[in-house]
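Descriptive analysis of the structure
Listed below are the residues making up each chain.
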Amino acid sequence: VDTRGDTIPSNPNNLPYTLNEGYPEYRVGPSDILEIITIEGTDRKTENVRVQPDGTVSFSVVHATYVRDLPLSEVRTVLQDSLSIYVVSPKVQVFVRDYKSRSAAVFGSINLNVGSEVAGSAARGPGIYALKGRVTALELIIQAGGPTQYARLEQVRVTRDDRTFLIDLQIAVTQGDNRQNVILEDGDVVQITGTQQADRRVAILGEVNEACLLYTS
């Protein structure tokens, strides 16, 4: 539930992962680009293929094998079984080259640390980010560059299925309490508001810019 006592709904079909023996494993979806390595005897071949809108992939001599929503380990097994119809004892390795099937957005009081390294990836500020597995609201904020000094982490809004929920991420940061650190699903929007001090700062800057514009004209 959120800070107002409203239950935040969850749709398993929108999750970017599934649990495999208790561990989250990425679920493949349409538009993902897979790197498929096939080993046939001493021959090794690498192909980058896109998962089609119907959830299928084609590679080597295999055509239209259904992989949508399968965990990555199961994709490898399915593709290897499909290839074994044509090749004796093939070996197949599968990796996600580009995550495209599921994403979430984060906006508001985010640092603009473009080009810096945050949590192992280049931060880009507010925007839309691919969900590469089990990602919480706080993890997405950190990935995007982290909250500014004016961010009100106790009043973070999450929009899901046209409904907006209010969550407290400050307790996750200060107390390690992740009860409201919601796990993100495809299409979620996370918005961080700033303090009134930040709002006044923006207003002053706007007035200064306007005055400069009038002066130069």
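Quick caveat, the model's predicted, so the values are computed rather than measured.

Scoring rules and cut-offs
- Residues numbered from 1 in each chain as written.
- Predicted model: local features only at pLDDT ≥ 70, side-chain atom pairs only at ≥ 80, totals over all residues.
- Heavy atoms only, no water.
- Helix = DSSP H or I, 4+ residues; strand = E, 2+ residues; numbered from the N terminus.
- Buried < 20%, exposed > 50% of the residue type's maximum accessible area, 1.4 Å probe, protein only.
- Contact = heavy atoms within 4.5 Å.
- Areas by Shrake-Rupley, 256 points an atom, 1.4 Å probe, with all protein chains shown as cover.
- Pairing = 2+ DSSP bridges.
- Axes fitted to C-alpha atoms, helices over the stretch in contact; angles between N-to-C directions.
- Phe/Tyr/Trp six-rings, centres within 6.5 Å; stacked < 30°, edge-to-face > 60°.
- Lys NZ or Arg CZ within 6 Å of the ring centre and 35° of its normal.
- pLDDT = per-residue confidence, 0-100.
- Salt bridge = Lys/Arg side-chain N within 4 Å of Asp/Glu carboxyl O.

What follows concerns the overall build of the chain. A count of helices and strands for the chain gives 4 helices and 14 strands. Here the chain, with 217 residues, has 41% of them falling under the buried criterion. In the chain, of all internal contacts separated by at least 6 residues, the share reaching a separation of at least 24 is 58%. On the chain, roughly 12,400 Å² of surface is accessible, and the fraction owed to carbon and sulfur atoms is 49%.

The strand order 4-3-7 describes an open sheet built from 3 strands, whose pairing is antiparallel. The open sheet has two free edges, formed respectively by strand 4 (43-50) and strand 7 (91-98), since each of these has just one partner strand. On average, each strand axis in the sheet is tilted by 20 degrees relative to the strand beside it, whichever way the strands run. Across 8 bridges, strand 3 (residues 33-40) lies against strand 4 in antiparallel orientation. Paired with Ile36 across the strands is Glu47, a residue of strand 4.

Take the sheet that holds strand 13 (residues 163-167) next. Within the open sheet, the 5 strands sit side by side as 11-8-14-12-13. Their pairing is mixed. Each end of this open sheet is capped by a strand with a single partner; those strands are strand 11 (127-130) and strand 13. Across the sheet, the mean angle separating the axes of adjacent strands is 25 degrees when strand polarity is ignored. Alignment of strand 8 (residues 103-108) against strand 14 (residues 189-194), held across 4 bridges, turns out to be parallel.

Aromatic ring pairs: the centre-centre distance and the angle between the two ring planes describe each pair. For the coordinates displayed, the defined rule picks out 1 aromatic pair. Seen in terms of ring centroids, Tyr26 and Tyr99 are 4.8 Å apart; in terms of plane orientation they differ by 85 degrees. Their pairing is edge-to-face. Of the two residues, Tyr26 sits in strand 2 (residues 23-26) while Tyr99 sits in the loop between strand 7 and strand 8, which places them 73 residues apart along the sequence. For Tyr99, a relative accessible area of 24% puts it in the partly exposed group. It is Arg124 that lies over the ring of Tyr129; its NZ or CZ is 4.3 Å from the centre.

Here we come to helix 2 (residues 137-144). Of all 8 residues in helix 2, 6 are buried; the element is thus mostly enclosed. Three or more residues of helix 2 are buried, namely Ala137, Leu138, Leu140, Ile141, Gln143 and Ala144. Of the residues one or two after helix 2, Gly145 is the one with positive phi, at around 135 degrees.

Moving on: the confidence of the model for the chain. Here the chain averages 87 in pLDDT, while 85% of its residues score no lower than 70. Long-range and interchain partners of residues 115-120, a stretch whose pLDDT sits below 50, account for 8 contacts in this model, where long-range means more than four residues apart. Confidence over residues 197-217 falls short of pLDDT 50; this stretch has 4 contacts with residues more than four positions distant or in other chains.

All chains considered together, the criterion is met by 10 salt bridges. Between Glu35 and Arg97 there is a salt bridge, and its shortest N-O distance comes to 2.0 Å. Residue Glu35 is found in strand 3, and its partner Arg97 is found in strand 7; the two are separated by 62 residues along the sequence. Residue Glu35 is classed as buried on the basis of its relative accessible area of 12%.

Of the pairings in the sheet, the one linking strand 12 (residues 151-160) to strand 14 comprises 5 bridges and is antiparallel in character. In the sheet register, Ala151 faces strand 14, and the bridge partner there is Gly194. Across 5 bridges, strand 12 lies against strand 13 in antiparallel orientation. Its bridge partner being in strand 13, Arg157 is matched across the sheet by Leu166. Counted between consecutive antiparallel strands, the loop separating strand 12 from strand 13 contains 2 residues, among which Asp161 sits at a positive phi close to 55 degrees.

Once that is clear, we can look at unusual backbone geometry. One non-glycine residue, Ser60, lies in the positive phi region at around 50 degrees. Unusually for a residue other than glycine, Ser89 sits at a positive phi of about 50 degrees. In this structure, Ser89 sits in the loop between helix 1 (72-83) and strand 7.

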